[in-house]
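# A closer look at the structure
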Amino acid sequence: MKPAPSELAGRDRAELRLHLASYWKMEAGNVVAMPAMGCAMLWSAGLTPDTAAIAGMAACSLLLVIGAAAWRMALAVLDGDTGLAERLTAACARAQLPSLAVLVAAAALAALSLRNQGWQPNFFAAAGFTMLGWLEYVNYYHFQLQNFDSNIDLKRLKAGRGLRRAHLGRAVRAWRVTRRRKG
């Protein structure tokens, strides 16, 4: 008889480990790949990324760094490496408010870009990357928006039971409670 799949992702332990190992590396690679693609698109149009576009790309990349840490933390938990999981959780907890501030600044710069330059490519880059950053922020700290890679999560969504609370968000809240108790 085959063991029950992981409640976390509908996978057995080995499959889940492989999934997590690839996800954190993919997120880490996207830290550089996403802004490189944005710059390449602007350069191909003969434009130089402006401050708003660069801020949007930086905000998106910051959230991808947090995402890579979150996926690596999940892998550390699965592997029983509590020390690494604790350090990564602490880093993600400490990065939450600064990342929010970066997202707010990037959104403000995108709005200024629209006001000052209109519907130009740099505005679309600024707005697009900032939006991706906001989606990553919500996905990691609040509600799991990615529901297509796990049958359990997809079934939950299709059944109308709503979005699952973000794994990183739960870990950060638990870390903060533990930290407060320690004094």
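Coordinates for the structure precede this section.
Described below are features of the structure shown in this document. Quantities reported herein were computed from a predicted structural model and do not represent experimental measurements.

## Here's the deal with the overall build of the protein chain
Broken down by element type, the protein chain carries six helices and zero strands. Split into buried and exposed, the 183 residues of the protein chain put 40% on the buried side. Accessible surface, the protein chain: about 10,400 Å² in total, of which carbon and sulfur atoms supply 65%.

## With respect to the packing of aromatic side chains
Under the definition given, this model contains six aromatic pairs. Centroid distance W119 to F124: 5.9 Å. Interplanar angle 35 degrees. Geometry classified as tilted. Residue W119 is classed as exposed on the basis of its relative accessible area, which comes to 60%. By the ring-pair criterion, three or more aromatic residues cluster together here, those being W119, F123 and F124.

## Quick look at the packing of helix 1 (residues 13-44) against helix 4 (residues 121-141)
Look at helix 1 against helix 4: their axes get within 10 Å of each other, and the N-to-C directions meet at 165 degrees. When the axis of helix 1 is compared with that of helix 4, the two are roughly antiparallel. The crossing of helix 1 and helix 4 is right-handed. Here E27, M34, P35, G38 and L42 of helix 1 come into contact with helix 4, specifically with P121, N122, A125, F129, L132, E136 and Y140.

## So, helix 1
Compared with an ideal rise of 1.5 Å per residue, which puts 32 residues at 46 Å, helix 1 spans 45 Å between its outermost C-alpha atoms and is within 8% of the ideal. Most pronounced at N30, the bend in helix 1 amounts to some 40 degrees. Inspection of helix 1 places L16, H19, L20, A21, Y23, E27, M34, P35, G38, C39 and L42 among the buried residues, and these make up the whole buried set. In this fold, the buried residues of helix 1 make contact with helix 2 (51-79) and helix 4. Measuring from the side-chain oxygen of the N-cap residue of helix 1 to the backbone nitrogen of A14 gives 3.3 Å; that N-cap residue is D12. Of the residues one or two after helix 1, G46 is the one with positive phi, at around 80 degrees.

Rules and cut-offs
Residues numbered from 1 in each chain as written. Predicted model: local features only at pLDDT ≥ 70, side-chain atom pairs only at ≥ 80, totals over all residues. Heavy atoms only, no water. Helix = DSSP H or I, 4+ residues; strand = E, 2+ residues; numbered from the N terminus. Buried < 20%, exposed > 50% of the residue type's maximum accessible area, 1.4 Å probe, protein only. Areas by Shrake-Rupley, 256 points an atom, 1.4 Å probe, with all protein chains shown as cover. Phe/Tyr/Trp six-rings, centres within 6.5 Å; stacked < 30°, edge-to-face > 60°. Axes fitted to C-alpha atoms, helices over the stretch in contact; angles between N-to-C directions. Parallel < 35°, antiparallel > 145°, perpendicular 65-115°, else oblique. Left-handed = near helix turned anticlockwise from the far one by under 90°. Contact = heavy atoms within 4.5 Å. Expected span 1.5 Å × (residues − 1). Bend = angle between axes of the 7 residues up to and from the residue. Polar contact = N/O pair within 3.5 Å; in protein donor to acceptor, adjacent residues only side chain to side chain.

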